[in-house]
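What follows is each chain in one-letter form.
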Amino acid sequence: MTEPRAATAAGESLAELTGELNAWIEIDLARLEANVAAVRRWVGPGIELIAVVKANAYGHGTAAVAPALERYGVERFAVFSVPEGVQLRQLGIRRPVLVLGHAFPRQAAEAVAHDLTLTVDEPALAEALAAAARARGRKARVHIKVDTGLHRFGLAPEEAVALAEQLRAMPDLEVEGLWTHMANADEPDDSFSEEQQARFEAVACRLDWVPYRHAANSATAIRRASLRYHGVRTGIGLFGVVPPNTPDPGVRPVLSLRARLVRIAEVSPGEGVSYGLTWRARRHSRVGLVPVGYGDGWPRSLSNCGEVLVRGRRVPVVGRICMDQFLVDVTDVPGAAPGDEVVLIGEQEGERIGAEDVAELAGTIAWDILASLQARIPRIAHRAGVVEAVVGAL
Ligand SMILES: Cc1ncc(COP(=O)(O)O)c(C=O)c1O
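Reading the values: rules and limits
- Residues numbered from 1 in each chain as written.
- Predicted model: local features only at pLDDT ≥ 70, side-chain atom pairs only at ≥ 80, totals over all residues.
- Heavy atoms only, no water.
- Helix = DSSP H or I, 4+ residues; strand = E, 2+ residues; numbered from the N terminus.
- Rg over C-alpha atoms; globule rule 2.2 N^0.38 Å.
- Buried < 20%, exposed > 50% of the residue type's maximum accessible area, 1.4 Å probe, protein only.
- Pairing = 2+ DSSP bridges.
- Axes fitted to C-alpha atoms, helices over the stretch in contact; angles between N-to-C directions.
- Contact = heavy atoms within 4.5 Å.
- Near = heavy atom within 4 Å.
- Polar contact = N/O pair within 3.5 Å; in protein donor to acceptor, adjacent residues only side chain to side chain.
- Areas by Shrake-Rupley, 256 points an atom, 1.4 Å probe, with all protein chains shown as cover.
- 1 Å grid on protein atoms, 1.4 Å probe; cavity = no way out; pocket = protein on both sides within 12 Å on 5 of 7 lines; lining within 4 Å.
- Sits in = over half its atoms within 2 Å of the grid points.
- Points joined across faces, edges and corners; volume = space filled by probe spheres on them.
- Domains from an automatic or database assignment.
- Buried area = accessible area lost by both parts, 1.4 Å probe.
- Parallel < 35°, antiparallel > 145°, perpendicular 65-115°, else oblique.
- Left-handed = near helix turned anticlockwise from the far one by under 90°.
- Nonpolar A, V, L, I, M, F, W, Y, C, P; charged D, E, K, R; others polar.

K.L.:
Before we move on, can you summarise the overall build of the protein chain with the specific residues and values?
P.N.:
The number of helices and strands found in the protein chain is 13 helices and 21 strands. For 394 residues, the compact-globule estimate of 2.2 N^0.38 gives 21 Å, and the C-alpha radius of gyration of the protein chain, at 23 Å, lies within 12% of that figure. C-alpha atoms of the protein chain, sized along the principal axes, occupy 75 × 45 × 40 Å. Buried positions account for 55% of the 394 residues belonging to the protein chain.

K.L.:
Can you break down unusual backbone geometry residue by residue, with the values?
P.N.:
Located in the positive-phi region is N56, a residue other than glycine, with phi close to 55°. Examined against the element boundaries, N56 turns out to sit in helix α4 (residues 54-58). Under the relative-accessibility criterion, N56 is labelled partly exposed at 27%. In this structure, A384 takes a positive phi of about 50° despite not being glycine. The topology assignment puts A384 in the loop between β20 (379-383) and β21 (386-391).

K.L.:
Which residues make up helix α5 (residues 62-71), and what are the values?
P.N.:
When you tally the buried positions in α5, you get seven out of 10 residues, the bulk of the element. Among the residues of α5, those classed as buried are T62, A64, V65, A66, A68, L69 and E70.

K.L.:
If you had to explain the sheet that holds strand β7 (residues 173-179) to someone new, which residues and values would you point to?
P.N.:
Read around the barrel, eight strands follow the order β2-β3-β4-β5-β6-β7-β8-β9 and close on themselves; strand pairing throughout is parallel. Recorded for the sheet is a direction-independent mean angle of 30° between the axes of neighbouring strands. Bridge count for strand β6 (residues 140-145) against β7 is six bridges, and the pairing is parallel. If you follow A140 over to β7, its bridge partner there is L173. Most of the contacts of helix α3 (residues 29-43) go to strand β2 (residues 48-52), to which it runs at about 135°, and overall it touches β2 and β9 (231-234). Helix α9 (residues 157-168) contacts β6 and β7 of the sheet and is inclined by roughly 170° relative to β6.

K.L.:
Any details on the site of the ligand? Residues and values, ideally.
P.N.:
Neighbouring residues of the ligand: 14 residues in total, closest K54, Y58, S218, R233 and I236. Between the ligand and the protein, one listed contact pairs an oxygen atom with a side-chain N or O atom of S218 at 2.5 Å. In the environment of the ligand, a nitrogen atom lies 2.8 Å from a nitrogen or oxygen atom belonging to the side chain of R233. For the ligand, whose unbound accessible area comes to 390 Å², protein coverage reaches 91%. Most atoms of the ligand, that is more than half of them, are within 2 Å of grid points of the largest pocket. Sorting the residues of the shell around the ligand by element identifies α4 and β9 as the ones contributing at least two each.

K.L.:
Please set out the layout of surface pockets residue by residue, giving values where relevant.
P.N.:
Size it by volume and the largest pocket reaches roughly 770 Å³. Along the walls of the largest pocket sit 31 residues, with K54, R152, H181, N217 and W367 positioned nearest its centre. Elements with a contribution of two residues or more to the lining of the largest pocket: α4, α11 (218-223) and α13 (366-371). Taken domain by domain, the lining of the largest pocket gets at least three of its residues from each of domain 1 (29-234) and domain 2 (255-377).

K.L.:
Break down the environment of G276 for me, with residues and values.
P.N.:
Mapped onto the elements of the fold, G276 is located in the loop between β12 (272-273) and β13 (279-280). Note on G276: relative accessible area 59%, which makes it exposed. G276 sits 44 residues away from R320 along the chain, and the two C-alpha atoms are 7.7 Å apart.

K.L.:
Quick one: what's the story with the domain arrangement of the protein chain, residue by residue and with numbers?
P.N.:
Assigned domains of the protein chain: these are domain 1 (29-234) and domain 2 (255-377). The centre of domain 1, based on its C-alpha atoms, is set 38 Å off from the matching centre of domain 2. The partner domain 2 presents six residues to the six residues of domain 1 that form the contact. Summed over both partners, the interface of domain 1 with domain 2 buries about 580 Å², with 56% contributed by carbon and sulfur atoms. When the area that domain 1 buries against domain 2 is broken down by residue, the three leading residues are Y58, G59 and H60, summing to 61%.

K.L.:
Residue-level account of the packing of α3 against α5, with values.
P.N.:
It is the contact of α3 with α5, at a shortest axis distance of 10 Å, that shows an interaxial angle of 45°. In terms of their interaxial angle, α3 and α5 are classed as oblique. As α3 packs across α5, the resulting crossing turns out to be right-handed. For the pair α3 and α5, contact is made by L29, L32 and V36 and by A64, V65, A68 and L69, respectively. Split into classes, the residues belonging to the contact of α3 with α5 amount to seven nonpolar, no polar and no charged.

K.L.:
Explain the side chain of S256 to me, using residue names and the numbers behind them.
P.N.:
Of note, S256 is situated in strand β10 (residues 255-260). Within polar-contact distance, the side chain of S256 engages the side chain of R258 at 2.9 Å. Beyond its immediate chain neighbours, meaning those up to four positions away, S256 contacts W24, I25, E26, I345 and G346.

K.L.:
Quick one: what's the story with the pairing of strand β15 (residues 307-310), residue by residue and with numbers?
P.N.:
Where β15 lies against strand β16 (residues 313-318), four bridges are found, and the strand directions are antiparallel. Opposite E307, over in β16, you have P316 as the bridge partner. Two elements, β15 and strand β18 (residues 341-348), share two bridges in a ladder whose sense is antiparallel. By the bridge assignment, L309 is partnered in β18 with V343.

Written as structure tokens, this is what we have:
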């Protein structure tokens, strides 16, 4: 959703635009471009970058980042579902779009109409795609996923070979790709990837007529050169978050989540704050109100344990996170006042809170923190503080 206000925002300064916003997400396009270059350098020449932009581009806002990623040269896109693929086409994305998740035969016509590449897991879907392709006088490109040990989506090796051969005989289909996904990509010990690689290559060997193979997410792409094949499916790495147990290819976070302090309450010793009064002041305290809550995707599990930055200092979340707001103790931040910028994820005056830090406190992973960020927070894409695009209502 692009509001009228947003349509006029391009070229404005970020500082002016955000001066009177409760909460917003900044997307640093210069960093996104640099990350594409860094990942490309790391994986080496001749290997395509398949930008994984499912789940609203990991919370970054598909509309805010996908067109930019195409401009920065990624060769392909991957999404989870047919509607996510359609959204990319509606945004004007022209590069190949692969659907990684399950699709039903009823979705075949739409997939063909938008030139999406589906991962086919059963003959009924293949037949529906072939019929839709025939009706349009074109071929539908498909990929087949081999389950090499994650036991999530895909076909067991024998089934994958059988289905691929069946699809090869269908003139309206082109079996373009064969892929798999690692179970332990960012574990301290990722050696199970070798077992998965052996299973995958045994299938690939029997299907040597399939031209395109891919197996690596960000961590695998960075850690295991032999699994890069023709392309790497990088999500988190392009967004500048280094997966656990993985070397840094030289990327920096693209997203920051910011808000304004909207009220400071003076709280006397013994008084409690927020629902359930689970935090009580031990001294005379100044408690700042941050207009972000679990309804925005800010985890409720950060109640009484999260941290944010105010005036370059880390301050603790006090009391429970509510649907739309939460409180922080700013007693030790001299001069803290309504209107101050609050950084929930990102950098401020030399201090930094990464999505991975938030994840650790919330008992989850950075992917979850980012992908949970809701559409009601506007995304503002900028380069060096000059706004390029706004997605969402301001
Ligand atoms: C099948 C598949 N490939 C690639 C990715 C990208 O992973 P990452 O964000 O770790 O690069 C994902 C992410 O969940 C995925 O499910």
